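This is what each chain is made of:
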Amino acid sequence: MSTQVNTHHEHPDVVGSRNKLGVVLILVADIAFALSVLFVYFYLKQQDVGGMWLPRATESQAATVPANAMGAWYLTLLAGLGLLVNNYGLRGARTKNPTQINLGLGAGALISIVLFVYQIIQMRQVEFTVTWGAYASCYFLITGLSALHFFITAFIGIGNWNRGRLGLYSSDFWHIDIANVWWIWMVVSSLLGAFALSNP
Amino acid sequence: MTTVMNHKSPTASHRPIMERLNVVTAVVLGVAGAVISYYLAQKFLPQNTEGSVMKTRHDQVVLIGMIGWFIGFMTGIGALVGPFRWLMGKDLSHDENMYLAGKDAGIARYFRYTTDHKVVGIQYLVITMVIFGLGGILAMLIRTNLGNPEGGWLHPQAYNAVVGIHGIVMIVGTIIMITGPFGNFIMPIMIGARDMAFPRLNALSFWLIVAAIAPILSSFFLGGITTGWSAYNPLASQAPAGMDGYIMFICIFAISTMVAGANITTTVVRMRAKGMTWTRTPIFIYGTVASVALALPAFPVFFLSQIMSGMDRALGTTFYDTRGGGSGWLYENLFWLMGHPEVYVILIPAVAALMEMAPVFTRRPLFSFKIAVMGIAGICGLSILVWAHHMYMTGWAPLLNAPFMLTTELISIPTGMLFLVLVGTVWRGRLWMTVPTASIFALLLNFMIGGITGIYLSDVPADAALHGSMFVTAHFHYTLMGAGLTGAIAALIFWFPKMTGRMIDKQLSWISFWMVQIGFNVAFMGMFMVGLAGQPRRVEAYAELFTRGNQITTGAAFVIMAGMLVLLWAVIYSWRHGQKAPMNPWQSKTLEWSVPNPVPLENFETLPTVTSDPYGYGKAQS
Amino acid sequence: MSDLQTKKPQWWKSKDVKITAGLWVVFSALIAIIGGEVNARPMGEAASETMANTIHIMKLFTWVSAPVAGLVAAIAVKALMQKMHFGDNPPPEADHQISDSPKATAVWVIVSALLCLFALIFGMVILQKDNNTLLDVHATDIKVTGQQWAWNFDYSDNGNFQSEDLYLPVNKPVHFHVTSLDVVHSFWIVQMGIKVDANPGYLTETAVTPTKIGIYDLRCAELCGLLHAYMQKKVHVVSQQDYNNWVTSHGGTI
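Conventions adopted
- Residues numbered from 1 in each chain as written.
- Chains lettered and ligands numbered in written order.
- Predicted model: local features only at pLDDT ≥ 70, side-chain atom pairs only at ≥ 80, totals over all residues.
- Heavy atoms only, no water.
- Axes fitted to C-alpha atoms, helices over the stretch in contact; angles between N-to-C directions.
- Helix = DSSP H or I, 4+ residues; strand = E, 2+ residues; numbered from the N terminus.
- Parallel < 35°, antiparallel > 145°, perpendicular 65-115°, else oblique.
- Left-handed = near helix turned anticlockwise from the far one by under 90°.
- Contact = heavy atoms within 4.5 Å.
- Nonpolar A, V, L, I, M, F, W, Y, C, P; charged D, E, K, R; others polar.
- Domains from an automatic or database assignment.
- Buried area = accessible area lost by both parts, 1.4 Å probe.
- Salt bridge = Lys/Arg side-chain N within 4 Å of Asp/Glu carboxyl O.
- Polar contact = N/O pair within 3.5 Å; in protein donor to acceptor, adjacent residues only side chain to side chain.
- Pairing = 2+ DSSP bridges.
- Core = buried A, V, L, I, M, F, W, Y, C linked by side-chain atoms within 4.5 Å.
- Buried < 20%, exposed > 50% of the residue type's maximum accessible area, 1.4 Å probe, protein only.
- pLDDT = per-residue confidence, 0-100.
- 1 Å grid on protein atoms, 1.4 Å probe; cavity = no way out; pocket = protein on both sides within 12 Å on 5 of 7 lines; lining within 4 Å.
- Points joined across faces, edges and corners; volume = space filled by probe spheres on them.
- Disulfide = S-S within 2.5 Å.
- Phe/Tyr/Trp six-rings, centres within 6.5 Å; stacked < 30°, edge-to-face > 60°.

Considerations on the packing of helix 13 (residues 328–362) of chain B against helix 19 (residues 470–500) of chain B
Residues and elements named next belong to chain B.
- Following both chains from N to C, one finds helix 13 and helix 19 inclined at 45 degrees, their axes separated by 8 Å at the closest point. The pairing of helix 13 with helix 19 is recorded here as oblique in orientation. For the crossing formed where helix 13 meets helix 19, the hand is left-handed. Residues V343, I346, L347, A350, A353, L354, E356, M357, V360 and F361 of helix 13 touch helix 19, and the partners they reach there are T479, L480, A483, G484, G487, A490, A491, F494 and W495.
- Classifying every residue of the contact of helix 13 with helix 19 gives 15 nonpolar, three polar and one charged.

Quick look at the structure:
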């Protein structure tokens, strides 16, 4: 092993664009996953095997009533708000305004936590359980994926807020830029989820 | 953490946690995680209610135990250090990154969360060989059982379990056999980079595979995977708890391929040496990227299908249970949406590796580089549109059979392009006869047989006679083993000098080559015959009429096994005592041969600049 | 390769090309003949027109792909006939630098596309023929139910009786409606070349006209659990008279 010195300290922009591509590629996988979930939902809905997409009432259990899709639309709106505040923080980083960074990223972290909690609350409020036929299964698949997404968003949001607070984004701030890509995907994926749940 | 670390004399008492983690702590924490979560699940999960249809509790306990293993193992190996430090805002310092890269760590770096792509490459090579060893043993169990028509050497349940585990283990082995070892070790040097784009993700992708091995091994003791590797539902929902091991294995493996795919693709797109335009990028790089990039959208679908399978088993959902509005066809669609691209994930890098070797051993340029790239791209593009040819006989959508026949047969056009490139390159070249050279010809033969039998199977009426028979089994062994594995073994022999610093034993590798190729062709010809005559797949006993064909296959399978053992011995022996390799033993013109043996930690003293494509053989004389 | 295609004067007179062309002819013929036989022989005698068509189409595909396979084999063998170099160091680099030949590649791609198109059209024609049987209103309807690990047959056109044996009248179209009670099975009458999965919750269909009296094999072609290997039956194709007798002896009506 040679005692090479680290002569190749790369420019933050290079590192940033590389990281961005990496995240986009991972998003490709996540998008494939989310689209497959939609496929599952609409395939089972269209097949309606044995009329069990939304089972009718039996002696032991009430008829399955689809969950109100408004909750999913509220989540989409909230995710849109998250995107906006993250953007606000990003502009703060561009103009080197630490207060704006803290404010934007802090609000982003807060919104991501709210999103996660609100999604869990919605999942607990529905009047069917996971074993009530194909629609119920799909409902929990979609909302479960959405909850997982918001959990990751919360991780990213809190981390970014903390890093912003520590002043790590004073010179290079591609992390916020990438978080923006993630927020866009959050808006789109909640939109897809809301769209599906509006068509039970 | 922030203190400057002194690697020369690390005193045990002051070492930060990050430096204490290795495979031992990983296994300890993994086992602890499994035991604790298993115990807690046993204690606190509600009992199955009296008379409930779904008996889900056992699957819940098993799955929770496996998740406990997974989390414990990944924590113990140090996968969480990076995310945690990012969250805390304490990014890894340069010294810490160098530590992670395995600087001055000697042999220990192979047992840690090491980020150096060369270490990861060697780790992948070893684990691939372990996987093939396991899958090979299982294959021999299958063939021994099929040595006589009554079967019965293995219990039918055990036989089914062996078939299932052989299948999935070999599929995973062939998926990683080229992009793992060579995509990690060779590829970054070949494009003139110092490391991968995301070194820590690189280590992650490898250690995820290690973490995934425990669930698949545990399935042996949980009743096995009795469904074949395709794990069709609703059969899978009936299967014993070994199925949970399969589900866990696939989920972890899918994350690994996703991480590796994003990493390798980014590396190639962003980190090629100055002057390495797309037309100067070696064809092997194209093959590797095509493979991992194809896996990126394909594997999440598989991932999802298994999550739903797990939910059906553990939570009582009804995605695949027709009594609750589910559909087995849903599973089959999701499975093959991944399943067919996956075949090309395996095949493309193998063919690309041989294309990379062809110019070296014929001492002339690669014939029609552009057609090679077009062929690879065409296969990738079409491969996501052909999945339903696995489902011609399921009856899910008879009207779609004709369109899928079209897309499937179209694939023979880009595949033909790959043939053209190879035969064009060997045409009138002066052959330097080595095992990789011979492998090119072996691939042409095997892939041709695999391809033509594939044309029969792509045709709906012929598929009605052949689907689900041994003919299909023989066909895909011709493509995955005859073409894929042949390419991988050639790649191993070709890059062995760079990876280990020693030449692989010539005589032993020739012996192995002939045993494997002859054994292979005899074995699977026999299998074609019994398939045509009507022997179904995955049976542990068969009619008298198939006896001769099966015995030929079994006999030849033992020849393959012997040949593989010779290769294994050649690898182990040469790795330790082989003749020291010069820097560029094959006189190749790609960049990986321009670095010394052993390859220094950051590959290049100064990053190279590329001025021409790497196939400029014979041009000096013109 | 490129020498085959570029219009250099008298490229075809080159010795390499002549040898390759000769090998091509020989290999193509060998592959066509042997390949066709190797496929057809084990498939045995067809017990239906569907199977006869299948055997025919496989032979045809073999013949069509023989020239391609023959060409690859000819070039490969020609390359192997060249003087080889053994040893630890590379031979001198080749004395030519052909790295592309647009004409050769164009010819190759066009020919493979044509062959592909041919295979497709031919397959479609046969597929259409098979599908027509499905529409035959005079066909005998039989409901097939798979379960772990047995087959059951409902003769709905013959008084709706049930049987564990499958008897079919010769030269009369039969329409199978296939389903399953538990997991996916696959209903496969080997010598008749028909197959369709038996899915729980769904009814799938296939049809065939047996053309020869005899005893044939019904096998399950989809792994269905412990005794998958034993989930097989004999299919009896009998004359109309015998069929009628068999039906009445089981309490059915003609």
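Some points on the domain arrangement of chain C
Residue and element names in this part refer to chain C.
- For chain C, the domain assignment lists domain 1 (2–83 + 99–134) and domain 2 (140–249).
- A C-alpha centroid distance of 37 Å is found between domain 1 and domain 2.
- Residue-level contacts link nine residues of domain 1 with 16 residues of domain 2.
- In total, domain 1 and domain 2 occlude about 960 Å² of area from one another, counting both sides; carbon and sulfur atoms represent 58% of this.
- The largest contributions to the domain 1 side of the interface with domain 2 come from A47, T133 and L134, which together make up 53% of the buried area.
- One can count one salt bridge joining domain 1 with domain 2.
- Here E45 and K212 are joined by a salt bridge, their closest N and O atoms 3.3 Å apart.
- Seen at the junction of domain 1 and domain 2, the total is five residue pairs in polar contact (both at pLDDT 80 or more).
- Take the side of domain 1 that touches domain 2: its biggest share by element is three residues, from helix 3 (residues 49–81).

Concerning the interface of chain C and chain B
- Every contact between the two is made by 84 residues of chain C and, on the other side, 90 residues of chain B.
- Together chain C and chain B conceal approximately 7600 Å² of surface at their shared face, both sides included; 65% is due to carbon and sulfur atoms.
- Joining chain C to chain B, the criterion identifies one salt bridge.
- Ionic pairing is found between D88(C) and K506(B), a salt bridge with its closest N-O pair at 3.2 Å.
- Put simply, chain C and chain B have 20 residue pairs in polar contact (both at pLDDT 80 or more) between them.
- Secondary-structure elements contributing two or more residues to the side of chain C that touches chain B are helix 2 (15–43), helix 3, helix 4 (102–134), strand 7 (194–198) and strand 9 (214–220) of chain C.
- Looking at the side of chain C that touches chain B, its residues break down into 47 nonpolar, 24 polar and 13 charged.

So, the sheet that holds strand 6 (residues 185–189) of chain C
Residue and element names in this part refer to chain C.
- The strand order 4-10-9-6-7 describes an open sheet built from five strands, whose pairing is mixed. Looking at the sheet topology across the chains shown, the edges are occupied by strand 4 (166–169) and strand 7. The mean inter-strand angle of the sheet, taken between neighbouring strand axes irrespective of direction, is 25 degrees.
- Of the strand pairs in this sheet, strand 9 and strand 10 (residues 232–238) are connected by six bridges, and their pairing is antiparallel. Across the sheet, residue Y216 finds its bridge partner in strand 10, namely V235.

Examining the pattern of salt bridges
- Under the defined criterion, the tally for this structure stands at 14 salt bridges over all chains.
- A single network of salt bridges, built from pairs that share partners, joins D59(B), D244(B) and R313(B).

Let's talk about the nonpolar core
- Counting 289 residues, the largest nonpolar core has V40(A), M74(B) and W495(B) as its most contacted members.
- The greatest single-element share of this core, amounting to 22 residues, is contributed by helix 13 of chain B.
- Other than its neighbours up to four places away in sequence, W495(B) contacts F182(B), I186(B), M190(B), F284(B), A353(B), E356(B), E592(B) and W593(B).
- Ranked by size, the runner-up nonpolar core spans 35 residues in total, among them F153(C), V178(C), A198(C) and Y216(C).

Things to note about the confidence of the model for chain C
- In this model, chain C carries a mean pLDDT of 87, and residues with pLDDT of at least 70 account for 94%.
- The least confident element of chain C is helix 1 (residues 2–5) of chain C, whose mean pLDDT is 48; the most confident is strand 6 of chain C, at 95.

Notes on the sheet that holds strand 2 (residues 150–155) of chain C
Residues and elements named next belong to chain C.
- With mixed pairing, five strands are arranged side by side in an open sheet as 3-2-1-5-8. Pairing within the sheet leaves two strands with one partner each, and these edge strands are strand 3 (161–163) and strand 8 (204–208). Taken over all neighbouring pairs, the strand axes of this sheet differ in orientation by 25 degrees on average, direction set aside.
- Here strand 1 (residues 140–147) runs beside strand 5 (residues 174–180); their pairing, made up of seven bridges, is parallel. Paired with T140 across the strands is V174, a residue of strand 5.

Some remarks on empty space enclosed by the protein
All names here are of chain A.
- With the rule as written, the count across this model stands at nine cavities of 30 Å³ or more.
- Taken as a whole, the second largest cavity holds about 230 Å³ of empty space.
- Considering the residues around the second largest cavity, the lining is formed by 20 residues, among which I142, S146, S189, S190 and G193 are closest to the centre.
- When contributions to the lining of the second largest cavity are tallied by element, the ones reaching two or more residues are helix 1 (12–47), helix 2 (70–94), helix 3 (98–125), helix 4 (133–165) and helix 5 (174–197).
- Sorting elements by how many residues they give to the lining of the second largest cavity places helix 5 first, with seven residues.
- Looking at the lining of the second largest cavity residue by residue, the class counts come to 12 nonpolar, eight polar and no charged.

Observations concerning the state of the cysteines
- Under the defined criterion, the tally for this structure stands at zero disulfides over all chains.
- Residue C116(C) stays outside any disulfide, its sulfur separated by 18 Å from that of C380(B), the closest cysteine.

Regarding the environment of H149(A)
Residue and element names in this part refer to chain A.
- Note on placement: H149 falls in helix 4.
- For H149, a relative accessible area of 4% corresponds to the buried category.
- Sequence separation between H149 and S189 is 40 residues, and the spatial gap between their C-alpha atoms is 8.9 Å.
- Apart from the residues lying within four places of it in its own chain, the contact partners of H149 are D30, W182, W185, M186 and S189.
- A polar contact of 2.7 Å, which involves the side chain of H149, links it to the side chain of D30.

Section: unusual backbone geometry
Residue and element names in this part refer to chain B.
- The linkage connecting N233 with the following residue, P234, adopts the cis geometry, with an omega of 5 degrees.
- Of note, the bond from N597 into P598 is cis; its omega dihedral lies within 30 degrees of zero at -15 degrees.
- Tracing the backbone through its elements, the reader meets P598 in the segment after helix 21 (547–577).
- Unlike most non-glycine residues, Q587 shows phi in positive territory, near 50 degrees.
- Among the residues examined, Q587 registers a relative accessible area of 40% and is labelled partly exposed.

A few points about the packing of aromatic side chains
Residues and elements named next belong to chain A.
- Considering all chains together, one arrives at 60 aromatic pairs over all chains under this definition.
- Summarising the aromatic geometry, the rings of F128 and F140 are spaced 6.0 Å apart at their centres and angled 80 degrees between planes, so their arrangement reads as edge-to-face. Within this pair, whereas F128 is found in the loop between helix 3 and helix 4, its partner F140 is found in helix 4, the two being separated by 12 residues in sequence.
- The exposure class of F128 is buried, given its relative accessible area of 4%.
- Assessed through its relative accessible area of 17%, F140 is described here as buried.

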